[in-house]
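# Residue-level structure breakdown
One-letter residues, chain by chain:
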Amino acid sequence: MSKDSWGGEERRLHERHSIVFPVEVQVATPGGPLERLVGVSVKISRGGALLRLEKDARPGARCRVKFKHSVGRVEPATASGMIRRSAAGQPGSRMIAVQFDHPLERVKAPGEL
């Protein structure tokens, strides 16, 4: 197995695509209020996504990701899941890895019909 960029073993079941869409993420932290974060997708697969968000979100938190302006490219356009990892990105942004509860039905890479 190869190493992924997070320093762990590569364990992906689904092909990842570098696709940028605006995203809105609702994060439910146990004992806390529902928080709405905005950002962009960096990579998307049927099983999860790497997102760049304006603020941090804790690993283990439940979330719902909405891919905006993704009609026909990401289906369904909203997916529930769990935040698996969080790391520093550009100043004022965080990289968040989300694992979806159920695989997306479709992720069309740039150039696919």
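All values reported here derive from a predicted model rather than from experimental measurement.

A word on the pattern of salt bridges. Applying the stated criterion across every chain, the model contains six salt bridges. One salt bridge in this structure joins R94 and D56, with 3.4 Å as the shortest N-O distance. Within this pair, whereas R94 is found in strand β7 (residues 94-100), its partner D56 is found in the loop between β3 (48-53) and β4 (62-67), the two being separated by 38 residues in sequence. Overall, R94 belongs to the partly exposed group, its relative accessible area being 24%.

With 84% of its residues at a pLDDT of 70 or more, the chain shows a mean pLDDT of 85. Within the chain, no element has a lower average pLDDT than strand β8 (residues 106-107), which sits at 92, and none a higher one than β4, at 97.

Hydrogen bonds along the backbone pair up the strands of a sheet, which may run parallel or antiparallel. Pairing is antiparallel around the closed barrel formed by six strands, whose spatial order is β1-β2-β3-β7-β6-β4. Direction aside, the axes of adjacent strands within the sheet are offset by 45 degrees on average. Across seven bridges, strand β6 (residues 78-88) lies against β7 in antiparallel orientation. Each residue of the ladder has a partner; that of A88, found in β7, is R94.

What follows covers the packing of aromatic side chains. The final tally for this structure, using the stated rule, is one aromatic pair. Judged by centre distance (6.3 Å) and plane angle (90 degrees), the ring pair of F67 and F100 falls under edge-to-face. Here F100 lies in strand β7 and F67 lies in strand β4, a separation of 33 residues in the sequence. Taken individually, F67 and F100 each receive the classification buried, so the pair is uniform in this respect.

Criteria and thresholds
By convention here, each chain's residues receive numbers from 1 onward along its written sequence. Where local features are concerned, this predicted model is filtered to residues with pLDDT of at least 70; where side-chain atom pairs are given and counted, the filter is 80 or more; whole-chain, interface and lining totals use all residues. Heavy atoms from the whole structure form the basis of all side-chain values; hydrogens and water molecules are not counted. Put simply, a salt bridge is a Lys or Arg side-chain nitrogen that is within 4 Å of an Asp or Glu carboxyl oxygen. Think of it this way: any DSSP run of H or I at least four residues long counts as a helix, any run of E at least two long counts as a strand, and we number them from the N terminus. Exposure classes here rest on a 1.4 Å probe applied to the protein chains alone. A residue is buried below 20% of its type maximum, exposed above 50%, and partly exposed in between. pLDDT expresses how confident the predictor is about each individual residue, on a scale running from 0 to 100. Here, a strand pair is defined by DSSP locating no fewer than two bridges between the strands. Note on definitions: angles span 0 to 180 degrees between N-to-C directions of axes, and those axes are lines fitted to C-alpha atoms, for helices only across the stretch in contact. Working definition: rings of Phe, Tyr and Trp (its six-membered ring) pair if their centres are within 6.5 Å, and the pair is stacked with planes under 30 degrees apart, edge-to-face with planes over 60 apart, and tilted otherwise.

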